[in-house]
Amino acid sequence: MTATIIDGKAFAARVREQVAEHVKRLKTDHGVKPGLAVVLVGEDPASQVYVRSKGKMTVEVGMNSVEHKLDADTSEADLLSLIDQLNNDPEIHGILVQLPLPKHLDEDLVINSVAPEKDVDGFHISNVGLLGTGQKSMVPCTPLGCLMMLRDHHGSLSGMDAVVIGRSNIVGKPMAQLLLGDSCTVTIAHSRTKDLADVVRRADIVVAAVGRPEMVPGDWIKPGATVIDVGINRIERDGKNKLVGDADFDSCAAVAGAITPVPGGVGPMTIACLLANTVTACCRANGLAEPEGLTA
């Protein structure tokens, strides 16, 4: 069996097109322009690249893009003051504080200082609680992207057996909640799960989000299962740097029914879903109908 490749890059482009259409409609019909503010503290190279990419795509879909770049030694009080200003700015509908933060800043405190309705990362404790209890929330971007791709590939996920490998607050736990919301039977597994291979083998859907290069081999995969590989790991192979996922792509693709590649799978969906979340936040703030197909 050769797996169908789920092209996250192409899917993300379609999501951005949908976002752009909604943004245009909001402007034309309601005189509203969604606004996204990104706060970057320090000069982490990877974060700088990511923030530039977010800003570029925000503008491309017609939204207002605001960037605040702060020095690495910015005080917690100054950062919280900026977030408070953005919370109270009616033209800003989404706020994202780029992680990681410098070590002198309390990430939990900063994340929870963002107004929950503007928390387009979905990390605020209120959004975590709302998602966990099946209520309307802002949903973390990466799990939302995974859910969109699964729905697109399968249609209904009802009754499917899903295993999420990884228990992070950013991906593993919210992914499990979203799959439960779509009526999957869900197991959260991790590196210390006993008989992990056997647990994974029974799954119709495997979401690998454990952060270990090529940890999941093909002989763990049930024939015909769908593998969503969230991992982005940089390794050296044959004297060259290479990006690989948490699943061993070649051996898994030989058994699975469908699989996301790395790169070009889940990664592009994260920014696309950030834009989708900003539109959703804008609609909610203005009492307008939420865009179909762009929320959980």
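Above: the structure in question.
All values reported here derive from a predicted model rather than from experimental measurement. (Residues numbered from 1 in each chain as written. Predicted model: local features only at pLDDT ≥ 70, side-chain atom pairs only at ≥ 80, totals over all residues. Heavy atoms only, no water.)

(A) Region of interest: the overall build of the protein chain. When helices and strands are tallied, the protein chain shows ten helices and eleven strands. For a compact globule of 296 residues, the expected C-alpha radius of gyration is about 19 Å, and the protein chain comes in at 19 Å, within 12% of that figure. Taken over the C-alpha atoms alone, the protein chain extends approximately 50 × 45 × 35 Å along its principal axes. Split into buried and exposed, the 296 residues of the protein chain put 50% on the buried side. Long-range pairs, those at least 24 residues apart, make up 68% of the contacts in the protein chain with a sequence separation of at least 6. The positive charge centre, built from 28 side chains, and the negative charge centre, built from 37, are 4 Å apart in the protein chain. (Helix = DSSP H or I, 4+ residues; strand = E, 2+ residues; numbered from the N terminus. Rg over C-alpha atoms; globule rule 2.2 N^0.38 Å. Buried < 20%, exposed > 50% of the residue type's maximum accessible area, 1.4 Å probe, protein only. Contact = heavy atoms within 4.5 Å. Lys, Arg positive; Asp, Glu negative; His and termini not counted. Charge placed at Lys NZ, Arg CZ, Asp CG, Glu CD.)

(B) Structural detail: the packing of helix H1 (residues 8-30) against helix H6 (residues 141-154). Axis separation between H1 and H6 bottoms out at 11 Å; the angle between their running directions is 100 degrees. One element, H1, and the other, H6, form an angle in the roughly perpendicular class. Of the residues in H6, those in contact with Gly8, Phe11, Arg14 and Val15 of H1 are Met148, Met149 and Asp152. Split into classes, the residues belonging to the contact of H1 with H6 amount to four nonpolar, one polar and two charged. (Axes fitted to C-alpha atoms, helices over the stretch in contact; angles between N-to-C directions. Parallel < 35°, antiparallel > 145°, perpendicular 65-115°, else oblique. Nonpolar A, V, L, I, M, F, W, Y, C, P; charged D, E, K, R; others polar.)

(C) Molecular detail of the pairing of strand S5 (residues 161-165). The element S5 is largely enclosed, with a buried count of five among its five residues. Of the two faces of S5, both are covered, the one formed by Asp161, Val163 and Ile165 as well as the one formed by Ala162 and Val164. In this sheet, strand S6 (residues 185-189) lies alongside S5 in parallel orientation, the contact comprising five bridges. When the bridges of S6 are listed, Asp161 appears paired with Thr185. Between the parallel pair S5 and S6, the chain is carried across by helix H7 (residues 172-181), and the sense of this crossover is right-handed. By the bridge criterion, four bridges tie S5 to strand S7 (residues 205-208) in an arrangement that is parallel. Across the sheet, the residue bridging to Ile165 is Ala208, located in S7. (Pairing = 2+ DSSP bridges. Right-handed = clockwise from strand over helix to strand, strands pointing away.)

(D) Up close: helix H3 (residues 76-87). With twelve residues, H3 should cover 16 Å at 1.5 Å per step; its first-to-last C-alpha distance of 16 Å lies within 8% of that length. All buried positions along H3 are accounted for by Leu79, Leu82, Ile83, Leu86 and Asn87. Burial along H3 is one-sided: seen end-on, the buried residues are contained in an arc of 145 degrees. Those residues of H3 that are exposed and angled more than 90 degrees off the buried face are Ala77 and Gln85. Residues of H3 that are buried in the fold lie against strand S2 (35-41), strand S3 (64-70), strand S4 (94-97) and helix H4 (107-111). (Expected span 1.5 Å × (residues − 1). Arc of directions from axis to C-beta.)

(E) How the structure looks around a positive patch on the surface. Taken together, the side chains of Arg167, Lys173, Arg192 and Arg212 present a region of like positive charge at the surface. Within the secondary structure, Arg167 is located in the loop between S5 and H7. (Patch = residues over 30% accessible without salt bridge, like charges linked within 9 Å, V, L, I, M, F, W, Y side chains within 5 Å. Areas by Shrake-Rupley, 256 points an atom, 1.4 Å probe, with all protein chains shown as cover. Salt bridge = Lys/Arg side-chain N within 4 Å of Asp/Glu carboxyl O.)

(F) A look at the pattern of salt bridges. According to the stated counting rule, one finds ten salt bridges in the structure shown. Salt-bridge contacts for Lys56 lead to Glu60; the nearest nitrogen and oxygen are separated by 2.7 Å. On the criterion of helical spacing, the pair formed by Lys56 and Glu60 is a turn pair, its members being four residues apart in helix H2 (residues 45-60). Judged by its relative accessible area of 54%, Lys56 is exposed. Ionic pairing is found between Glu214 and Arg237, a salt bridge with its closest N-O pair at 2.7 Å. Of this pair, Glu214 sits in the loop between S7 and strand S8 (226-229) while Arg237 sits in strand S9 (residues 233-237), and the two are 23 residues apart along the sequence. We classify Glu214 as partly exposed; its relative accessible area is 24%. By relative accessible area, which is 32% here, Arg237 ends up partly exposed. One salt-bridge network, held together by shared partners, links Lys136, Arg284 and Glu290.

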